[in-house]
Amino acid sequence: MSVCFICLICSLSFCIFPLSLYLPLSLSLSLPLSHTPSVAVKESQLEKVVRVTSDGMLHSPGFPHTYPRSTDLVWRLVAAEENSRIQLTFDPRFGLEDPEDGVCKYDYVEVEEPTEGTVLGRWCGSQAAPSMHVSKGNQVRIRFMSDEYFPSEPGFCIHYTLLQQKLNEDAMLPPAPQSVEALGELVAGFSTVEELFKYLEPDRWQLDLEELYTPTWQVLGKSFFHQKKARGMVDLNLLRDEVRLYSCTPRNLSVSVREELRRTDAIFWPSCLLVKRCGGNCSCCSNRCYDCHCTPTRVAKKYHEVLMLKLRPGGRGPQKSLTDVPLEHHEECSCVCKNDSD
């Protein structure tokens with residue numbers, strides 16, 4: 001049987017060259033190039049511009065309850081005056097989805113300086129609320145993001161305050177305190193030394209902070225001594241946190257059950273129990289305070305099961321029973337000032 005030589009060559013070329021060369025152009029381009037699944041990209045909503053003329057607040061949807069999934073909200077706070085600043089204070093009730101490897105990847109709230117394009121911070125998790133922030137310019141952008149998994153509660157709430165500042169020839173500086181007492185009140189309002197320097201010198205706070213730790217040498221006779229410690233050897237923020245940890249806080253205290261209940265007709269075992277009571281000094285109270293006391297600001301009643309022994313009439317053995325005794329626990333404490341006129 002004879003075989004057409006030309007047909008044989010054509011059949012071999014069809015096997016060697018790709019199929020797309022034999023298809024129309026429009027059809028060949030429509031073939032899938034890979035099996036990678038498409039990923040839906042969530043577009044952010046248009047930012048909402050908030051004109052800051054007085055104090056106000058903004059919060060996650062549903063605060064202080066669980067916020068919704070798949071949310072992207074952006075607020076731009078704008079003060080009318082160029083020489084104004086915006087102070088942000090977070091509500092102590094704060095809780096978003098926990099970070100992964102120390103990074104807020106999924107649910108977070110972020111604060112940004114729009115004029116400089118710098119992010120002041122991004123926060124998530126359920127630790128202590130972020131500290132106070134003061135904007136460098138008259139604008140600040142806040143963004144809240146949540147993915148489609150694991151919404152948390154209570155979310156966040158930010159109180160914003162308009163700060164008026166006087167225009168200096170070289171820089172925008174906050175109004176200077178008029179007395180030592182006023183300076184003390186100002187300094188006490190900041191959580192970290194960085195925040196304090198940002199407020200006092202918005203344009204050069206980093207330089208001032210570095211100069212604070214820059215070694216200086218002084219001459220004493222024929223010897224030199226080092227006056228300042230390196231920044232890694234002293235942590236002013238840690239010193240302040242340690243004071244707050246041990247000053248006027250709820251702490252364990254043993255109390256007599258009989259004395260707490262004012263019971264003279266029974267004996268309890270154990271006779272003493274541990275409760276949380278406010279303790280510590282208030283030496284860092286307001287400078288204008290005459291008398292400062294560590295006072296409970298939130299109290300809870302908790303029940304403890306103990307053995308109660310009561311004498312029976314007629315000289316018989318004591319009556320024994322388990323009973324719940326209510327004891328007062330202090331959950332939050334604060335230094336309360338007692339003025340001269342009180």
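Residues numbered from 1 in each chain as written. Predicted model: local features only at pLDDT ≥ 70, side-chain atom pairs only at ≥ 80, totals over all residues. Heavy atoms only, no water.

A. Region of interest: the overall build of the protein chain. The secondary structure content of the protein chain amounts to seven helices and 18 strands. Taking all 342 residues of the protein chain together, the buried fraction comes to 30%. Contacts in the protein chain between residues far apart in sequence, at least 24 positions, make up 71% of those at least 6 positions apart. Accessible surface, the protein chain as shown: approximately 23200 Å² in total, 56% of it carbon and sulfur. (Helix = DSSP H or I, 4+ residues; strand = E, 2+ residues; numbered from the N terminus. Buried < 20%, exposed > 50% of the residue type's maximum accessible area, 1.4 Å probe, protein only. Contact = heavy atoms within 4.5 Å. Areas by Shrake-Rupley, 256 points an atom, 1.4 Å probe, with all protein chains shown as cover.)

B. Structural context of the pairing of strand β8 (residues 139-146). Extensive coverage of β8 is indicated by the burial of seven of its eight residues. Judged from the eight bridges that link them, strand β3 (residues 71-79) and β8 form a sheet pairing that is antiparallel. When the sheet's bridge partners are listed, Trp75 is paired in β8 with Ile142. Sheet topology places strand β5 (residues 108-113) next to β8; five bridges connect them, and they run antiparallel. Each residue of the ladder has a partner; that of Val109, found in β8, is Phe144. (Pairing = 2+ DSSP bridges.)

C. Local environment of the side chain of His304. Mapping His304 onto the fold places it in strand β17 (residues 291-310). Filtering out sequence-adjacent residues up to four positions away, His304 remains in contact with Leu273, Leu274, Thr323, Asp324, Val325, Leu327 and His329.

D. Molecular detail of the packing of aromatic side chains. This structure, assessed with the given rule, holds six aromatic pairs. Centroid distance Phe144 to Phe156: 5.3 Å. Interplanar angle 55°. Geometry classified as tilted. With Phe144 in strand β8 and Phe156 in the loop between β8 and β9 (157-164), the pair connects residues that are twelve residues apart, well separated along the chain. Comparing Phe144 with Phe156, the two get one shared label, buried. In textbook terms, an aromatic cluster arises when at least three aromatic residues are bridged by ring pairs, as seen for Tyr67, Trp75, Phe144 and Phe156. If you follow Arg122 out to its NZ or CZ, it ends over the ring of Tyr108, 3.8 Å from the centre. (Phe/Tyr/Trp six-rings, centres within 6.5 Å; stacked < 30°, edge-to-face > 60°. Lys NZ or Arg CZ within 6 Å of the ring centre and 35° of its normal.)

E. Region of interest: the sheet that holds strand β18 (residues 319-338). Sheet architecture is open: three strands sit in the order β15-β17-β18, paired in antiparallel fashion. Looking at which strands have only one partner, the edges of the open sheet turn out to be β15 (267-269) and β18. Adjacent strand axes in the sheet meet at a mean angle of 45° when their direction is disregarded. With 19 bridges connecting them, β17 and β18 associate as antiparallel partners. (Axes fitted to C-alpha atoms, helices over the stretch in contact; angles between N-to-C directions.)

F. Region of interest: empty space enclosed by the protein. The tally for this structure, following the rule as stated, stands at two cavities of 30 Å³ or more. Looking at the largest cavity, its volume works out to about 80 Å³. Lining the largest cavity are Glu113, Leu120, Met132, His133, Val134, Lys136, Phe190, Glu195 and Lys198. Among the secondary structure elements, those contributing two or more residues to the lining of the largest cavity are β7 (133-134) and α4 (193-200). Each residue belonging to the lining of the largest cavity can be placed in one class, and the counts come to four nonpolar, one polar and four charged. (1 Å grid on protein atoms, 1.4 Å probe; cavity = no way out; pocket = protein on both sides within 12 Å on 5 of 7 lines; lining within 4 Å. Points joined across faces, edges and corners; volume = space filled by probe spheres on them. Nonpolar A, V, L, I, M, F, W, Y, C, P; charged D, E, K, R; others polar.)

G. Molecular detail of the environment of Arg298. Take Arg298: it is sitting in strand β17. Taking the C-alpha atoms as reference, Arg298 lies 9.5 Å from Ser334; in sequence the two are 36 residues apart. Apart from residues no more than four positions distant in its own chain, Arg298 is found in contact with His329, His330, Glu331 and Glu332.

H. Representation of the nonpolar core within the structure. Of all hydrophobic cores here, the largest spans 26 residues; its most connected members are Leu77, Leu88, Val109 and Ile142. Within the residue set of this core, elements represented by two or more residues are β1 (48-52), β3, β4 (84-90), β5, β8 and β9. Once residues lying within four places of it in the same chain are set aside, the contact partners of Leu88 are Leu77, Val111, Met132, His133, Val140, Ile142, Ile158, His159 and Tyr160. In this structure, Val255, Ala266, Met308 and Val325 belong to the second largest nonpolar core, which totals ten residues. (Core = buried A, V, L, I, M, F, W, Y, C linked by side-chain atoms within 4.5 Å.)

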